[in-house]
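Next come the chains, spelled out residue by residue.
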Amino acid sequence: GQQLRQSAARNSKSRVLSKLLVYFRLELCRSCCPVHCALPEPSNRYLCAPPEALTSPLRVVLFSFLSSLESCHLVSTMADEAAIREQIKSTQRDMVAELVSAVKKPSFNVPKPSLIMFGKECTEGYWRYLEQCGWDLENALRLIQSAYEWQRKSAPTVRDICKTLFQKNPGFLSLRQVGFDKVGRPVLYCSASQNTAKPSELAVDAVIAHLVHVAENAGKSNKQQNVAEEGRQNVLVLDCAGFNPAYFSKPDTILKVYQTMCLLYPNTISTYLVANYTQEVRNTWSALKSSFNEAMQAKVKFVPATATNVTMSEHFGFELAHWMVEELKLNREVVLPASQVTFYRKNAGHDPRGSSIYVDNYLDKDGFVEGHQPHGGIMFGAL
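Residues numbered from 1 in each chain as written. Predicted model: local features only at pLDDT ≥ 70, side-chain atom pairs only at ≥ 80, totals over all residues. Heavy atoms only, no water.

Visitor: So, the environment of Glu319: which residues are in play, and what are the values?
Guide: Tracing the chain through its elements places Glu319 in helix H12 (residues 318–330). A residue is classified by how much of its surface remains accessible, and Glu319, at 26% relative accessible area, is partly exposed. For the pair Glu319 and Gly179, spaced 140 residues apart in the sequence, the C-alpha separation amounts to 9.5 Å. Non-local contacts of Glu319, meaning those with residues more than four positions away in its chain, are made with Ser355, Ser356 and Ile357. (Helix = DSSP H or I, 4+ residues; strand = E, 2+ residues; numbered from the N terminus. Buried < 20%, exposed > 50% of the residue type's maximum accessible area, 1.4 Å probe, protein only. Contact = heavy atoms within 4.5 Å.)

Visitor: Now, about the environment of Lys223: what can you tell me, with residues and values included?
Guide: Considering the arrangement of structural elements, one finds Lys223 in the loop between helix H7 (204–221) and strand E5 (234–239). On the basis of relative accessibility, which here comes to 34%, the residue Lys223 falls in the partly exposed class. A sequence separation of 39 residues divides Lys223 from Gly184, and the C-alpha atoms of the two residues are 4.4 Å apart.

Visitor: Break down empty space enclosed by the protein for me, with residues and values.
Guide: Under the definition given, this model contains 1 cavity of 30 Å³ or more. Estimates place the volume of the largest cavity at around 50 Å³. Along its surface, the largest cavity is lined by Arg176, Gln177, His213, Val214, Asn217, Ala218, Tyr358, His372, Gln373, Pro374 and His375. At the level of elements, strand E3 (176–180) and H7 are the ones that each hand at least two residues to the lining of the largest cavity. Looking at the lining of the largest cavity, the element that brings in the most residues is H7, giving 4 residues. Here the lining of the largest cavity is composed, by residue class, of 4 nonpolar, 6 polar and 1 charged. (1 Å grid on protein atoms, 1.4 Å probe; cavity = no way out; pocket = protein on both sides within 12 Å on 5 of 7 lines; lining within 4 Å. Points joined across faces, edges and corners; volume = space filled by probe spheres on them. Nonpolar A, V, L, I, M, F, W, Y, C, P; charged D, E, K, R; others polar.)

Visitor: Which residues make up the packing of helix H6 (residues 158–168) against H7, and what values do they have?
Guide: As a packed pair, H6 and H7 sit with axes 9 Å apart at the nearest point and diverge in direction by 105°. When the axes of H6 and H7 are compared, the pair comes out roughly perpendicular. Contacts from Val158, Ile161, Cys162, Leu165 and Phe166 of H6 reach H7 at Asp205, Ala206, Ala209, His210, Val212 and His213. Residue composition of the contact of H6 with H7, grouped by class: 8 nonpolar, 2 polar and 1 charged. (Axes fitted to C-alpha atoms, helices over the stretch in contact; angles between N-to-C directions. Parallel < 35°, antiparallel > 145°, perpendicular 65-115°, else oblique.)

Visitor: Summarise the pattern of salt bridges; cite the residues concerned and give the values.
Guide: Tallied over the full model, the rule gives 6 salt bridges. A salt bridge links Glu326 to Lys329, with the shortest nitrogen-to-oxygen separation between them at 3.5 Å. Remark: Lys329 and Glu326 occur in helix H12; sequence separation between them is 3 residues, near one turn of the helix. The shortest N-O distance in the salt bridge between Arg353 and Asp364 comes to 3.2 Å. One end of the pair, Arg353, is in the loop between helix H13 (338–341) and helix H14 (356–363); the other, Asp364, is in the loop between H14 and helix H15 (376–381), and 11 residues separate them in sequence. The class for Asp364 is partly exposed, based on a relative accessible area of 37%. (Salt bridge = Lys/Arg side-chain N within 4 Å of Asp/Glu carboxyl O.)

Visitor: Explain the sheet that holds strand E4 (residues 186–191) residue by residue, including any values.
Guide: Strands pair in a sheet through their backbones, by hydrogen bonds, and they do so in one of two ways: parallel or antiparallel. One open sheet accounts for 5 strands, arranged E3-E4-E5-E6-E7; its pairing is mixed. The open sheet terminates on both sides in strands that have one partner only, identified here as E3 and strand E7 (300–302). The sheet shows a mean angle of 25° between the axes of neighbouring strands, direction not considered. Looking at chain direction, E3 and E4 are connected through 4 bridges and run antiparallel. Across the sheet, residue Arg176 finds its bridge partner in E4, namely Tyr189. In the packing of H12 onto the sheet, the strands contacted are E3, E4, E5 and strand E6 (269–275), and the crossing angle to E3 comes to about 145°. (Pairing = 2+ DSSP bridges.)

Visitor: With reference to specific residues and values, describe helix H5 (residues 137–154).
Guide: Compared with the 26 Å implied by 1.5 Å per residue over 18 residues, the 25 Å span of H5 between its first and last C-alpha is a close match. Residues Ala140, Leu141, Ile144, Ala147, Tyr148, Trp150 and Gln151 constitute the buried set of H5. The residue sitting at the N-terminus of H5 and contributing the capping side-chain oxygen is Asp136; that oxygen lies 3.1 Å from the backbone nitrogen of Glu138. (Expected span 1.5 Å × (residues − 1). Polar contact = N/O pair within 3.5 Å; in protein donor to acceptor, adjacent residues only side chain to side chain.)

Visitor: So what about the nonpolar core? Which residues, and what values?
Guide: With 62 residues, the main nonpolar core has Leu99, Val103, Tyr126, Ile144 and Val212 as its most contacted residues. The biggest single contributor to this core is H7, with 10 residues. Val178, Val187, Val235 and Leu273 belong to the second largest nonpolar core, which has 15 residues in total. (Core = buried A, V, L, I, M, F, W, Y, C linked by side-chain atoms within 4.5 Å.)

So this is what it looks like as structure tokens:
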């Protein structure tokens, strides 16, 4: 009986180790090539790139270590990629459950028992926080503690700040939802030339309040099908026409805004499409990019003017792609058309508020669909 128990214990440890090794191997693969990473062929399933192709010495050591363990048959051969992914998901689900349990313990000082995200209680936030922290439970707990603290102190004031801002200056910041991509992700658009806020007016609290408003309401309108909540994301198009370097004169402010949004909405942007950019914009990004992690850097895609039509058609359906190309063209003009300056108002021709599918279903109906509230200028400044 004792031998059977010892054998069972060894088998159990081996299975756990196998899970961890497979998970870490794939996570390393993702960190090496976050844009194009896909599971390799079964004959070389665990290795995404040879150690000599990696830039980080630590990754080389880890790959070598994992390879030596696998050669000792500590990782059982998987029949297919689906089995590997299922093992990873199973381990991740267990960790999410462990995090939820830890957050609900009396010793964890938080004002609410569940994380609030997109206006509802859900486990989506827990999953995202673990992803953000590399599946480190203690770091995720610390981030959640900070997020709760921000929610308790600042969340109640978001709507009032937005209302005050946009009643006074409807075009304060142009970031707004304009439609959905091919898989139903909300598409956000921000035009530098349409922003009417002066660099000196961009207080951190005001910018964060607007970003929270946009992020919350984009999440409520997400139409992705057959995707778990933790996998739902947005696409952000940054139109740099009219770019004012003065907006980036305080990099500490930019980083504070970015860090706060990562704290509140980790991993919610799938792609950043940068259009109408100049070499100055490229240089600014080159100077700032080292402040962001590799996953964030990999999401940023610069769209050359000659590839605008193709790129927009790749990401969006015909209607939104056509709207985006026209919006980018109009905002490149030296003197912005009056209808583009008041982008928060309906226009008879090209409607700068967004694509017709989004406008018809979310803006021109009585009341707010699914609780979705549009850009502050549309809500408070277009009356």
